[in-house]
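These are the residues of each chain, in order.
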Amino acid sequence: MIPACFSPATPADLPRLHRAMVDFYSHEGLSLDAGVITALETLLATPSYGQVYVIEPLAPAWDGSPPVPSSPAQPQAQPVGYLVLTYGYSLEFQGRTALLDELYLPPAHRGQGLGTQALEFVIQTCRDQGIHLLFLEARPENIKAQALYERLGFRKNDRDIMLRRL
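Cut-offs applied
Residues numbered from 1 in each chain as written. Predicted model: local features only at pLDDT ≥ 70, side-chain atom pairs only at ≥ 80, totals over all residues. Heavy atoms only, no water. Helix = DSSP H or I, 4+ residues; strand = E, 2+ residues; numbered from the N terminus. Buried < 20%, exposed > 50% of the residue type's maximum accessible area, 1.4 Å probe, protein only. Contact = heavy atoms within 4.5 Å. Areas by Shrake-Rupley, 256 points an atom, 1.4 Å probe, with all protein chains shown as cover. Pairing = 2+ DSSP bridges. Axes fitted to C-alpha atoms, helices over the stretch in contact; angles between N-to-C directions. Phe/Tyr/Trp six-rings, centres within 6.5 Å; stacked < 30°, edge-to-face > 60°. Lys NZ or Arg CZ within 6 Å of the ring centre and 35° of its normal. pLDDT = per-residue confidence, 0-100. Parallel < 35°, antiparallel > 145°, perpendicular 65-115°, else oblique. Left-handed = near helix turned anticlockwise from the far one by under 90°. Nonpolar A, V, L, I, M, F, W, Y, C, P; charged D, E, K, R; others polar. Polar contact = N/O pair within 3.5 Å; in protein donor to acceptor, adjacent residues only side chain to side chain.

## As for the overall build of the protein chain
No. 1: Tallying secondary structure elements over the protein chain gives four helices and five strands in all.
No. 2: Ordered by position from N to C terminus, the α and β elements of the protein chain give β-α-α-β-β-β-α-β-α.
No. 3: Looking at the protein chain residue by residue over its 166 residues, the buried ones come to 37%.
No. 4: For the protein chain, the share of sequence-separated contacts (at least 6 apart) that also reach a separation of at least 24 residues comes to 64%.
No. 5: Carbon and sulfur atoms provide 56% of the accessible area of the protein chain, an area that totals close to 10800 Å².

Take a look at the structure:
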């Protein structure tokens, strides 16, 4: 397993987030248009809406000590993905909720434990913030992702999600 670091994204991360989003949106058959980029910029500027995290592997220290995250002064690894966590509120679920809106790891970095670490990070982040329920969605054909989610305690619900654009 490759240990990972989850760093809060800033506006300076927009170019590398955009590159990863192009891959993710293409893979999911979604439209990555100017409205999505504007929504990302708004999210980065408004922490009460949620948080974007850059996922990067931790590089081993030269002396064999535990891995350390990169820093702007001493970069050690390129980001391998990102995740987007947004916030909501529900009476039924008795308070704050969160949606794992996007989690992307390129195919070359899947199956190495990074997805598990990302989900564990999100779960702990939500607990630390007093969030009562974490939502996520998965395509029915994405059996591997569903198995990971179920292994970490996520369960399908008995409701259908209905949407209407406003």
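## Re the sheet that holds strand β5 (residues 133-136)
No. 1: Read from one edge to the other, the open sheet built from five strands follows the order β1-β2-β3-β4-β5, with strand pairing classed as mixed. Across the chains shown, the open sheet's two edge strands, defined by having one partner strand only, are β1 (4-8) and β5. Sheet twist, expressed as the average angle between the axes of neighbouring strands with direction ignored, equals 30°.
No. 2: Each of β2 (50-57), β3 (81-90) and β4 (95-104) is contacted by helix α1 (residues 14-28), which is oriented at about 80° to β4, the strand it contacts most.
No. 3: Here helix α2 (residues 34-45) sits on the sheet in contact with β2 and β3, set at roughly 95° to β2.

## Notes on the packing of aromatic side chains
No. 1: For the structure shown, the criterion picks out eight aromatic pairs.
No. 2: Look at F6 and F121: their rings are 4.7 Å apart centre to centre, the planes differ by 15°, and that puts the pair in the stacked class. Of this pair, F6 sits in strand β1 while F121 sits in helix α3 (residues 114-128), and the two are 115 residues apart along the sequence.
No. 3: Between the aromatic rings of F24 and Y25, the centroid separation amounts to 5.6 Å while the plane-to-plane angle is 80°, which identifies the pairing as edge-to-face.
No. 4: Ring-pair connections join several aromatic residues into one group, and the members of that group are F24, Y25, Y82 and Y104.
No. 5: A cation over an aromatic ring shows up here: R96 above the ring of Y87, its NZ or CZ 5.0 Å from the ring centre.

## Some remarks on the confidence of the model for the protein chain
No. 1: Per-residue confidence for the protein chain averages 89 on the pLDDT scale, and 88% of its residues sit at or above 70.
No. 2: Between residues 72-76, whose pLDDT stays under 50, and residues either more than four places distant or in other chains, the model counts five contacts.

## Some thoughts on the packing of α3 against helix α4 (residues 143-151)
No. 1: At their nearest, the axes of α3 and α4 sit 11 Å apart, and the two run at 45° to each other. Of the possible angle classes, the one that applies to α3 and α4 is oblique. Between α3 and α4 lies a crossing of right-handed hand. Across the interface between the two elements, G115, T116 and L119 from α3 touch L148, Y149 and R151 from α4.
No. 2: In terms of residue class, the contact of α3 with α4 is made up of three nonpolar, two polar and one charged.

## Brief notes about the environment of N157
No. 1: Mapped onto the elements, N157 comes out in the segment after α4.
No. 2: Accessibility expressed as a relative area gives 52% for N157, which makes it exposed.

## Some details on the side chain of Q146
No. 1: In this fold, Q146 is placed in helix α4.
No. 2: A distance of 3.0 Å separates the side chain of Q146 from the backbone oxygen of P140, its partner in a polar contact.
No. 3: Beyond its immediate stretch of four places on either side in the chain, Q146 contacts A138, R139, P140, E141 and K156.

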